[in-house]
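One letter stands for each residue in the lines below.
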Protein chains: 2
Amino acid sequence: MNKADTARDRQERRHLSTDQRRRDIVATAADLFDRNGYVNTSMQDIARAAGIAKPTLYHYFTSKDEILCRIHEEFIDQLLSRHENRLAARLRPDQLVLEVMADILELMETHRGHVRVFFENHRELPEREQAEIRLKRDRYQTMVEETFAAGTAEGLFRDVDPRTAALALFGMCNWAYQWYRKDGTMRTRDLAYVFWDYLVHGVGAGRP
Amino acid sequence: MNKADTARDRQERRHLSTDQRRRDIVATAADLFDRNGYVNTSMQDIARAAGIAKPTLYHYFTSKDEILCRIHEEFIDQLLSRHENRLAARLRPDQLVLEVMADILELMETHRGHVRVFFENHRELPEREQAEIRLKRDRYQTMVEETFAAGTAEGLFRDVDPRTAALALFGMCNWAYQWYRKDGTMRTRDLAYVFWDYLVHGVGAGRP
């Protein structure tokens, strides 16, 4: 390893650690927003909870808005990348539906603060960022709709309206942020199996 | 009609009109909270939007908290009374499930502001009222769970976990506050038919 490499390595490590630091601050802020509300939380509160001085916090983020944007981005980017990464694997549409449900429910567990903020504080985003996040959210919804349409085309699903089916899926899973508590009794993936079973096979005793 | 009756009538009319006035103020406040957020809305804003002076507003409500409580009560009381009123009619459990879904979705249309406030501002309620509303909300959820259990007992539904089934129903319907817009293309009752069909029969092409 020559000297140049070592310098780059050091730079990379420093860069990584800044990134990690920012992610930690975002996670701390998301928890505070979740518990106390976005409006009621100040940069001072975030600095205190993150265990850093306020000027240090401003070194990482210029404003509370910027942290809010970052929370929205991290959440929707997670959903998008997980779905896009597995598209090459040629799972059947009904399998993809299960994976989408499991993704959303898993984020309730790993990104609890992010979830409430994403669903309840969209309107607090600055206009430009609101539009950017909306585009990504719409892209995600379109991909899920396309999954239902593909399932119908392949004879796996009935001839359902893809949009309404996607909204039923999002409802069942997204709503869990209102009631799901990590208490060890049910893994989110197990919950995904149950909701998937209801959505695909119905709770009825038999087809009419 | 004697004099005493007339006096009582007059008193009743005055009473009714006070009640109506309070309901109008609550509806106005719910719209403001929905649009601008509970924290960002002042009693002054509510008075202005209701077209009354601030002291007049304080004649009807002693605080913003009181209005918030009233919004929560009106919403959950509507759901409870609609469900309880029809229990005597001996509809089948699967019919009751449809009616519950239609109730919730209809309130998205008639009580739009109430809905967001009920779902997003529960934590802003004073402690005692938070407990009271939680009791009513739990009572409503229990009734829906009992409907699923009865449906299973009567062989209309599979042997599903009543709580998870109720949470799936609430998810599909409650979540609509995030996306449903009254634009004339779909009545909320028609939407209830579609969601009911998904929940009871599933979107799958056939049972495995």
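What counts, and where the lines are drawn
- Residues numbered from 1 in each chain as written.
- Chains lettered and ligands numbered in written order.
- Predicted model: local features only at pLDDT ≥ 70, side-chain atom pairs only at ≥ 80, totals over all residues.
- Heavy atoms only, no water.
- UniProt positions renumbered as here; feature names shortened; annotations may be inferred.
- Helix = DSSP H or I, 4+ residues; strand = E, 2+ residues; numbered from the N terminus.
- Axes fitted to C-alpha atoms, helices over the stretch in contact; angles between N-to-C directions.
- Parallel < 35°, antiparallel > 145°, perpendicular 65-115°, else oblique.
- Left-handed = near helix turned anticlockwise from the far one by under 90°.
- Contact = heavy atoms within 4.5 Å.
- Nonpolar A, V, L, I, M, F, W, Y, C, P; charged D, E, K, R; others polar.
- Buried area = accessible area lost by both parts, 1.4 Å probe.
- Salt bridge = Lys/Arg side-chain N within 4 Å of Asp/Glu carboxyl O.
- Polar contact = N/O pair within 3.5 Å; in protein donor to acceptor, adjacent residues only side chain to side chain.
- Least-squares fit on C-alpha atoms with pLDDT ≥ 70 in both.
- Buried < 20%, exposed > 50% of the residue type's maximum accessible area, 1.4 Å probe, protein only.
- Phe/Tyr/Trp six-rings, centres within 6.5 Å; stacked < 30°, edge-to-face > 60°.
- Lys NZ or Arg CZ within 6 Å of the ring centre and 35° of its normal.
- Domains from an automatic or database assignment.

Student: It is not clear to me how the UniProt feature "DNA-binding region" (unreviewed entry) in chain A should be interpreted in this structure. Could you clarify?
Tutor: UniProt marks residues 42–61 of chain A with the feature "DNA-binding region" (unreviewed entry), using the numbering shown here. Helix makes up 75% of residues 42–61 of chain A and strand 0%, whereas the separation of the span's terminal C-alpha atoms amounts to 13 Å.

Student: Is there a simple way to explain the UniProt feature "domain: HTH tetR-type" (unreviewed entry) in chain A in this structure?
Tutor: When the UniProt feature table is mapped onto this chain, "domain: HTH tetR-type" (unreviewed entry) is found at residues 19–79 of chain A. Helix makes up 80% of residues 19–79 of chain A and strand makes up 0%, while its end C-alpha atoms are separated by 20 Å.

Student: Looking at this structure, how should I read the packing of helix H9 (residues 188–201) of chain A against helix H9 (residues 188–201) of chain B?
Tutor: Packed helix pairs are specified by the crossing angle of their axes together with the interaxial distance, meaning the distance between the axes. Viewed as axis vectors pointing N to C, H9(A) and H9(B) meet at an angle of 110°, and their least axial separation amounts to 5 Å. In terms of orientation, H9(A) lies roughly perpendicular with respect to H9(B). Once H9(A) is placed against H9(B), the crossing between them reads as right-handed. Residue-level inspection shows A:Tyr198, A:Leu199, A:Val200 and A:His201 of H9(A) in contact with H9(B), the latter providing B:Tyr198, B:Leu199, B:Val200 and B:His201. Here the contact of H9(A) with H9(B) is composed, by residue class, of six nonpolar, two polar and no charged.

Student: For this particular structure, what's the right way to read the environment of A:Ala30?
Tutor: Residue and element names in this part refer to chain A. Mapped onto the secondary structure, alanine 30 falls in helix H1 (residues 3–36). In this structure, the C-alpha to C-alpha distance between alanine 30 and alanine 168, residues 138 residues apart in sequence, is 27 Å. Excluding its chain neighbours within four sequence positions, the residues that come into contact with alanine 30 are Ile71, Gly113, His114 and Val117.

Student: Can you walk me through the side chain of B:Thr41 in this structure?
Tutor: Relative to the assigned elements, B:Thr41 resides in the loop between helix H1 (3–36) and helix H2 (43–50). Each residue touching B:Thr41, except ones within four places of it in the same chain, is listed here: B:Leu32, B:Phe33, B:Asn36, B:Ile46 and B:Lys64.

Student: Please explain the interface of chain B and chain A as it appears in this structure.
Tutor: Accessible area lost when the parts come together is the quantity often used to give the size of an interface. In this complex, chain B contributes 43 residues to the contact, which on the side of chain A involves 43 residues. Buried area between chain B and chain A, summed over both chains or domains, comes out near 3,800 Å², and the portion from carbon and sulfur atoms is 58%. If you look at where chain B meets chain A, you find two salt bridges. The salt bridge involving B:Arg158 is made with A:Asp197; its shortest N-O contact spans 3.0 Å.

Student: Teacher, can you tell me more about the side chain of B:Thr147 here?
Tutor: Residues and elements named next belong to chain B. Here threonine 147 shows up in helix H7 (residues 127–153). Within the structure, threonine 147 has its side chain in polar contact with the backbone oxygen of methionine 143 (distance 2.8 Å). If we ignore the near neighbours within four places in the chain, the residues touching threonine 147 are His83, Pro93, Leu96, Val97 and Phe157.

Student: So what exactly am I meant to see when it comes to the relation of the copies chain B and chain A here?
Tutor: Two copies of the chain are present, and they differ by a rotation about an axis and a shift along that axis. Between chain B and chain A, which share one sequence, the superposing operator has a rotation angle of 180° and an axial displacement of 0.0 Å; the RMSD is 0.0 Å. Viewed as a symmetry operation, the transformation between the two copies matches a two-fold axis. When C-alpha distances to the rotation axis are compared across chain B, the minimum falls at B:Gly202, with a value of 1.8 Å. A shared binding surface is used by both copies, with 100% of the interface residues of chain B retained as interface residues in chain A.

Student: Sorry if this is basic, but what is going on with the pattern of salt bridges here?
Tutor: When the charged atoms of two side chains lie near each other, side chains of opposite charge can form a pair. The final tally for this structure, using the stated rule, is 36 salt bridges over all chains. Through salt bridges with shared partners, one network takes in A:Asp34, A:Arg112, A:Arg116 and A:Glu120.

Student: Explain unusual backbone geometry to me, please; I cannot follow it from the model alone.
Tutor: The general pattern is negative phi for most residues beyond glycine and trans for most peptide bonds. Positive phi is not limited to glycine here, since A:Arg90 has a value of about 55°. Judged by relative accessible area, A:Arg90 falls into the exposed class, the value being 78%.

Student: Which parts of the structure should I look at to understand the environment of B:Met143?
Tutor: All names here are of chain B. Along the chain, methionine 143 falls in helix H7. With ten residues separating them in the primary sequence, methionine 143 and isoleucine 133 have C-alpha atoms 15 Å apart. Discounting residues that sit within four places of it in the chain, methionine 143 has contacts with Leu80, His83 and Glu84.

Student: Even after reading the chapter, I still don't get the packing of aromatic side chains, so can you show me in this structure?
Tutor: In this description, a pair of aromatic rings is defined by centroid distance and the angle of the planes. Per the counting criterion, the structure on display carries 24 aromatic pairs over all chains. Seen in terms of ring centroids, A:Trp179 and A:Phe195 are 6.5 Å apart; in terms of plane orientation they differ by 75°. Their pairing is edge-to-face. Placement of A:Trp179 in the loop between helix H8 (162–174) and H9 and of A:Phe195 in helix H9 is noted, with a sequence separation of 16 residues between them. In this structure A:Phe195 comes out as buried when scored by relative accessible area, which is 0%. Through a chain of ring-to-ring contacts, three or more aromatic side chains come together here, namely A:Phe75, A:Phe118, A:Phe119, A:Trp175, A:Tyr177, B:Phe75, B:Phe118, B:Phe119, B:Trp175 and B:Tyr177. Positioned over the ring face of A:Tyr38 is A:Lys64, at 4.2 Å from the centre of the ring.

Student: What is the right way to read the domain arrangement of chain A from this model?
Tutor: Residues and elements named next belong to chain A. When the domains of chain A are assigned, the result is domain 1 (1–62) and domain 2 (63–208). The C-alpha centroid of domain 2 is placed 28 Å from the C-alpha centroid of domain 1. Between domain 1 and domain 2, the contact holds 19 residues from the first and 16 residues from the second. Both faces combined, the contact of domain 1 with domain 2 buries some 1,600 Å², and carbon together with sulfur accounts for 61% of it. On the domain 1 side of the contact with domain 2, Val26, Asp34 and Tyr38 bury the most area, a combined 42% of that side's loss. The tally of links from domain 1 across to domain 2 stands at three salt bridges. Residues arginine 112 and aspartate 34 are paired through a salt bridge, measuring 3.7 Å at the closest nitrogen-oxygen approach. Along the contact surface separating domain 1 from domain 2 lie six residue pairs in polar contact (both at pLDDT 80 or more). Residue assignment for the side of domain 1 that touches domain 2 shows that the elements contributing at least two residues are H1, helix H2 (43–50) and helix H3 (54–60). Of all the elements, H1 adds the most residues to the side of domain 1 that touches domain 2, at ten residues.

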